[in-house]
Amino acid sequence: MPLLEGSVGVEDLVLLESLVEESLLKNLQLRYENKEIYTYIGNVVISVNPYQQLPIYGPEYIAKYQDYTFYELKPHIYALANVAYQSLRDRDRDQCILITGESGSGKTEASKLVMSYVAAVCGKGEQVNSVKEQLLQSNPVLEAFGNAKTIRNNNSSRFGKYMDIEFDFKGSPLGGVITNYLLEKSRVVKQLKGERNFHIFYQLLAGADAQLLKALKLERDTTGYAYLNQEASRVDGMDDASSFSAVQSAMAVIGFSEEEIRQVLEVTAVVLKLGNVMVADEFQANGIPASGICDGREVQEIGEMVGLSSEELERALCSRTMETAKEKVVTALNVMQAQYARDALAKNIYSRLFNWIVNRINESIKVGIGEKKKVMGVLDIYGFEILEDNSFEQFVINYCNEKLQQVFIEMTLKEEQEEYKREGIPWTKVDYFDNGIICNLIEHNQRGILAMLDEECLRPGVVSDSTFLAKLNQLFSNCFRICHYAGKIRAQAQAEGNTGGTWGKGQVLGQGCGVTYNVTSFIDKNNDLLFRDLSQAMWKAQHPLIRSLFPEGNPKQASLKRPPTAGAQFKSSVAILMKNLYSKNPNYIRCIKPNEHQQRGQFSSDLVATQAQYLGLLENVRVRRAGYAHRQGYGPFLERYRLLSRSTWPRWNGGDREGVEKILGELSISSGELAFGKTKIFIRSPKTLFYLEEQRRLRLQQLATLIQKIYRGWRCRTHYQLMRKSQILISSWFRGNMQKKRYGKIKASVLLIQAFVRGWKARKNYRKYFRSEAALTLADFIYKSMVQKFLLGLKNNLPSTNVLDKTWPAAPYKCFSTANQELRQLFYRWKCKRFRDQLSPKQVETLREKLCASELFKGKKASYPQSVPIPFCGDYIGLQGNPKLQKLKGGEEGPVLMAEAVKKVNRGNGKTSSRILLLTKGHVILTDTKKSQAKTVIGLDDVAGVSVTSLKDGLFSLHLSEMSSVGSNGDFLLVSEHVIELLTRMYRAVLDATQRQLAVTVTEKFSMRFKENSLAVRVVQGPAGGDNSKLRCKKKGSHSLEVTVQ
């Protein structure tokens, strides 16, 4: 059972019930398949590469993990970074974060996430932000020059990197120091199938502009360079051109000047062009084999770029000077030796350039002397490598990982022991695999493999990889370390006595697995020799950066002392790194690659099991579980589980330890399962912790039910009180309103009675003094005078007889309003009748058509207002001059009502074709524009209806009756430029011919019959809706057509 609700599997492998490899792998697979890529082993983070972007990063998650302790949220790399940073800032303890794993396991991304988290949570300010930006921008520069595509990883770090980030007392970054380890410089001259050289070469060729390429004497095509693998010039998901711009910007942010950036690119171009220097066989006068340059153009261009004569560069590449205390001998090199010299020069130039870039970055981000600082180290170094053919590089890489594993186990044990001692808990010895014997087998000063390799390189006489292997076999044949070393030589080669052709392999066993190394080229790679002639030639170059990379070429500083071997240098660097790590508080991130194909969602148990053995995950879990599987401070433990006891819930006023003892005492947990430290409670088995979690879950359900019950009661009471108050308020307002209405009615009745009484009194008094008939006569005379005046005034002010003029004089008195309206209507009707009497029959017919169009389309279609002032023509194709078309109408049809060129829309693909439409009194005829032959003849009684849109387009659908012979193939979708006139005349023709009204539907969505199926037509308004609307038809599936009006 996980500790957090909603989590998948076990979040901390220390809490696994059954501690075997199968259960560990099953738990990792279960979490990985549910996109939970992080898992804990105590305070160690295991990260499984998801090969996809997950929504678990960014400012929101940084803020979340910043506010919680390590175990309060799901496992995350941010949690470990937060613990390390807070320990550095608040406890003044230097930290180091060790990130290890195979190539392609996500180490580089993990280091970026750590640095981005620290940059987000540390202090703000202009200077601090500048330092943070420089630290972050160092990544793309080092990735460009130190990363490459390998078989296992598209962005594999081919060097080890340790960065010390230095902070002030407030926790704000001051700067940093970067240390690099063992750049894989052999990749410069040779790559395996499917791999690439370092990114910078491809980025330079893809991203540099034409002017820069010309200045560097390069061509954009990668196929023209021998050092670039042509099989894998591009990487999916990687834009070399944009990456080159990002690298230039990052170098500028770090502090590189434009001149320095240009010099770095020039040196990079020199390395690229060295691969194109071809060497051919030559012979000296005495017949001794020699070598020479085939095509001097490349050498000349390289010489021009570095400021060196081509003759001097050719001499350095094709000859070697042997110098002793007494004499100097110049020896010509054969072709193989010259090629070796050329490749050695290219590798050394690039390796030294990389070191120079690291040192230049360090100069920009270094901290001033005398400032008090805290340090957080981030180690991103190659993990165990087991290839089909393991060489010297894999040997020293795996040696470094054995040392890191030794540090990991020792410091984990030390941390556990110190915590037990600090808490007063008895410590029991833990049995585990100590790989110190593996490290001793490799690094022992007299009898180690590296010491034997150096001794063999320095031994006079004939030295080869075979003699080195034979020496190892002889040395370890009777040694107690033979259980971790196995050497073998091909028996067939020994039987033949062919020592020159023999090859051998030595096997070193560590971390539960064996690694077989091919000793071929061990001697050459360990020597890492660069002929003195080449060093001196590079020092003579006028190029300032090239010259600074080869200080040993200065004759004044020339030394006959042999430089240290590559193995000795790496051993020394590893020793310094181990010393640095031992001085800091360690934090571990173990990266795991789930599959070999970089595919999301795939989990290879065998591959992960092998990596778990390399990383010693089971050993780590066993160490953590040797005594007590879980420990937690009294305060957090009491806060989480105090609800399990009635004594501590809901409030506890005692000490934290007493509260914990009270809880565990009431739960009746065996005393053997518990140990009370000074500040923490220790729980021996995961079952006990899971029991506590289960009890807590049940208790939470009980408390949630109680809270719900109380909340529902409170909500019902509150709702009832609110309803009661509302009812009282509504009742009071209702009663008040009723009384107001009743009072208003009584008042109105009183006023009415008063008015009648006063009127009765007035009439009674009037009759006393006037004759009853005199008032009526007088009123009649006055009314007739007003009428006469009104009618005479109206006669003199009559409006014009134009039917469009609807003006009319207003009535002088209100009593004439009704009569005035009647006179106005009579006058208007008289004007209309007079106007109609003047019209010819043809004009009458035209107006009837316009009236019909108004009834059909006014207020419904957007193109109707433009059609009103335009008279209906009927013939738009010159029918009178085309006898062939006149014959199509038939003798009995009478005149053609409408003749127009239309477009028929193909219902299958949305394309249009031109047709001529003839409308007669009985038929609709569609003809071909070229052949003038009737293609379709539709009787008006077969026309069931018409669908037209409300937009300014001419699209309409002619719906036919299913019973007709023509209608069996479906409806017609046509486009007309005079759709108003056409549909108006068709409507009248159908009405005359069939005595029924044609159904005209105005809509943007309608359905058409298409053979045996239906076709849904949808008309939409496009972005540019002008007067001359264009149509674009697009088929949407098999039963839908979308028409866009543009």
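Residues numbered from 1 in each chain as written. Predicted model: local features only at pLDDT ≥ 70, side-chain atom pairs only at ≥ 80, totals over all residues. Heavy atoms only, no water.

S.K.: Got a minute to help me understand the sheet that holds strand E30 (residues 1031-1035) in this structure?
M.R.: Two pairing modes exist for strands in a sheet, parallel and antiparallel, and in both the strands are linked by backbone hydrogen bonds. The 4 strands lie next to each other as E28-E29-E31-E30, forming an open sheet whose pairing is mixed. Where the open sheet ends on each side, the last strands, each with one partner, are strand E28 (1005-1010) and E30. The sheet shows a mean angle of 25° between the axes of neighbouring strands, taken without regard to direction. Across 6 bridges, E28 lies against strand E29 (residues 1013-1021) in antiparallel orientation. Counted as the bridge partner of Phe1006 is Val1017 from E29. (Pairing = 2+ DSSP bridges. Helix = DSSP H or I, 4+ residues; strand = E, 2+ residues; numbered from the N terminus. Axes fitted to C-alpha atoms, helices over the stretch in contact; angles between N-to-C directions.)

S.K.: What is the right way to read the sheet that holds strand E20 (residues 898-905) from this model?
M.R.: Reading across from one edge, E23-E22-E21-E20-E26-E25-E24-E27 is the order of the 8 strands in this open sheet, with mixed pairing throughout. The strands lining the two open edges of the sheet, one partner per strand, are strand E23 (934-939) and strand E27 (999-1002). The sheet shows a mean angle of 30° between the axes of neighbouring strands, direction not considered.

S.K.: How should the state of the cysteines be read in this particular structure?
M.R.: Two cysteines joined by a covalent bond between their sulfur atoms form a disulfide. Under the definition given, this model contains 0 disulfides. Its sulfur unpaired, Cys873 is 18 Å from the next cysteine sulfur, which belongs to Cys852. Judged by relative accessible area, Cys873 falls into the partly exposed class, the value being 48%. (Disulfide = S-S within 2.5 Å. Buried < 20%, exposed > 50% of the residue type's maximum accessible area, 1.4 Å probe, protein only.)

S.K.: Whenever I open this one, unusual backbone geometry confuses me. Can you help?
M.R.: The phi torsion of most residues other than glycine is negative, and most of the peptide bonds are trans. The peptide bond linking Trp649 to Pro650 adopts the cis configuration, its omega dihedral lying at 5°. The residue Pro650 is located in the loop between helix H24 (634-641) and helix H25 (656-666) in this model. Phi is positive for Lys35, close to 60°, though the residue is something other than glycine. Judged by relative accessible area, Lys35 falls into the partly exposed class, the value being 49%. Phi angles above zero are rare outside glycine, and Ser521 is one such case at about 75°.

S.K.: Before we go on, may I ask you to explain the packing of helix H13 (residues 392-423) against helix H14 (residues 436-443) in this structure?
M.R.: The geometry of H13 relative to H14 is characterised by a closest axis approach of 9 Å and an angle of 140° between their N-to-C directions. Classified by the interaxial angle, the pair formed by H13 and H14 is oblique. With respect to the hand of their crossing, H13 and H14 are arranged in left-handed fashion. Between H13, through Phe395, Tyr399, Glu402, Lys403 and Gln406, and H14, the contact on the second element is made entirely by Gly436, Ile438, Cys439, Ile442 and Glu443. Taken together, the residues that form the contact of H13 with H14 break down as 5 nonpolar, 2 polar and 3 charged. (Parallel < 35°, antiparallel > 145°, perpendicular 65-115°, else oblique. Left-handed = near helix turned anticlockwise from the far one by under 90°. Contact = heavy atoms within 4.5 Å. Nonpolar A, V, L, I, M, F, W, Y, C, P; charged D, E, K, R; others polar.)

S.K.: What am I meant to see in a negative patch on the surface here?
M.R.: A contiguous patch of negative charge, built from Asp281, Glu282, Glu311 and Glu314, is present on the exposed surface. Elements that contribute at least two residues to the negative patch include exactly strand E8 (279-283) and helix H11 (310-318). Checked against the element boundaries, Asp281 lands in strand E8. The class for Asp281 is exposed, based on a relative accessible area of 58%. (Patch = residues over 30% accessible without salt bridge, like charges linked within 9 Å, V, L, I, M, F, W, Y side chains within 5 Å. Areas by Shrake-Rupley, 256 points an atom, 1.4 Å probe, with all protein chains shown as cover. Salt bridge = Lys/Arg side-chain N within 4 Å of Asp/Glu carboxyl O. Lys, Arg positive; Asp, Glu negative; His and termini not counted. Charge placed at Lys NZ, Arg CZ, Asp CG, Glu CD.)

S.K.: Honestly, the pattern of salt bridges in this entry has me stumped. Any pointers?
M.R.: Under the counting rule described, the total for this entry stands at 42 salt bridges. In this structure, Glu301 and Lys273 form a salt bridge, with 2.6 Å as the shortest nitrogen-oxygen distance. Residue Glu301 is found in helix H10 (residues 296-306), and its partner Lys273 is found in helix H9 (residues 258-274); the two are separated by 28 residues along the sequence. For Glu301, a relative accessible area of 16% gives the class buried. Accessibility expressed as a relative area gives 3% for Lys273, which makes it buried. A salt bridge links Glu1042 to Arg1018; the shortest N-O distance between them is 3.0 Å. Of this pair, Glu1042 sits in strand E31 (residues 1040-1045) while Arg1018 sits in strand E29, and the two are 24 residues apart along the sequence. Given the relative accessible area of 38%, Arg1018 is considered partly exposed. Each member of the salt-bridge network shares a partner with another, and the members are Arg158, Glu184, Arg187 and Glu195.

S.K.: Quick question: what am I supposed to make of the UniProt feature "binding site: ATP" (unreviewed entry) in the protein here?
M.R.: Here, the residues flagged by UniProt with the feature "binding site: ATP" (unreviewed entry) are Gly101, Glu102, Ser103, Gly104, Ser105, Gly106, Lys107 and Thr108. Looking at the element boundaries, Glu102 is found in the loop between strand E3 (95-101) and helix H4 (107-121). Other than its neighbours up to four places away in sequence, Glu102 contacts Lys107, Arg152, Gly383, Phe384, Cys591, Lys593, Gln611 and Tyr614. Mapped onto the secondary structure, Ser105 falls in the loop between E3 and H4. Polar side-chain contacts of Ser105 include one of 2.6 Å to the backbone oxygen of Glu102. (UniProt positions renumbered as here; feature names shortened; annotations may be inferred. Polar contact = N/O pair within 3.5 Å; in protein donor to acceptor, adjacent residues only side chain to side chain.)

S.K.: Got a minute to help me understand the side chain of Glu102 in this structure?
M.R.: Take Glu102: its relative accessible area is 5%, and that puts it in the buried class. Within the structure, the side chain of Glu102 is placed 3.4 Å from the side chain of Lys593, a separation counted as a polar contact.

S.K.: What's the story with the packing of aromatic side chains in this structure? I'm lost.
M.R.: A ring pair, where both rings are aromatic, is described by two values, the distance of the centres and the angle of the planes. This model, assessed by the stated rule, comprises 22 aromatic pairs. Ring centres 6.1 Å apart and planes at 25° place the aromatic pair Phe468 and Phe522 in the stacked group. Placement of Phe468 in helix H16 (residues 465-476) and of Phe522 in helix H18 (residues 522-527) is noted, with a sequence separation of 54 residues between them. Each member of the pair Phe468 and Phe522 is classed as buried. Centroid distance Trp808 to Phe827: 5.5 Å. Interplanar angle 45°. Geometry classified as tilted. (Phe/Tyr/Trp six-rings, centres within 6.5 Å; stacked < 30°, edge-to-face > 60°.)

S.K.: Help me understand the pairing of strand E21 (residues 912-919), please; the structure alone is not making it clear to me.
M.R.: Each regular strand carries side chains that alternate between the two faces of the sheet. Direction of pairing for E20 relative to E21: antiparallel, over a ladder of 8 bridges. Looking at E21, one finds that Ala899 is bridged to Leu918. Hairpin geometry of E20 and E21 is characterised by an intervening segment of 6 residues between the two adjacent antiparallel strands and by a positive phi of about 85° at Gly910. Pairing of E21 with strand E22 (residues 923-928) involves 5 bridges; the strand directions are antiparallel. Within E22, the residue paired with Leu919 across the bridge is Val924. Counting the residues between successive antiparallel strands, the hairpin from E21 to E22 contains 3 residues.

S.K.: So what exactly am I meant to see when it comes to helix H1 (residues 21-33) here?
M.R.: Turn by turn, an α-helix covers 3.6 residues, leaving residues three or four places apart pointing in a common direction. An ideal rise of 1.5 Å per residue puts 18 Å on 13 residues; H1 measures up with 18 Å between its terminal C-alpha atoms. Three or more residues of H1 are buried, namely Ser23, Leu24, Leu25, Asn27, Leu28, Arg31 and Tyr32. Residues of H1 that are buried sit in contact with strand E1 (38-41), strand E2 (44-48), strand E16 (585-592), helix H22 (605-615) and helix H23 (617-624). Following H1 by one or two positions, Lys35 has its phi on the positive side, about 60°. (Expected span 1.5 Å × (residues − 1).)

S.K.: Where do I start with the environment of Ala629 in this structure?
M.R.: When you line up the elements, Ala629 lands in the loop between H23 and strand E17 (630-633). The buried category is assigned to Ala629, whose relative accessible area is 6%. Placed 56 residues apart in sequence, Ala629 and Ser685 show a C-alpha to C-alpha distance of 5.7 Å. In contact with Ala629, not counting residues within four places along its chain, are Val14, Leu15, Arg624, Ile683, Arg684 and Pro686.

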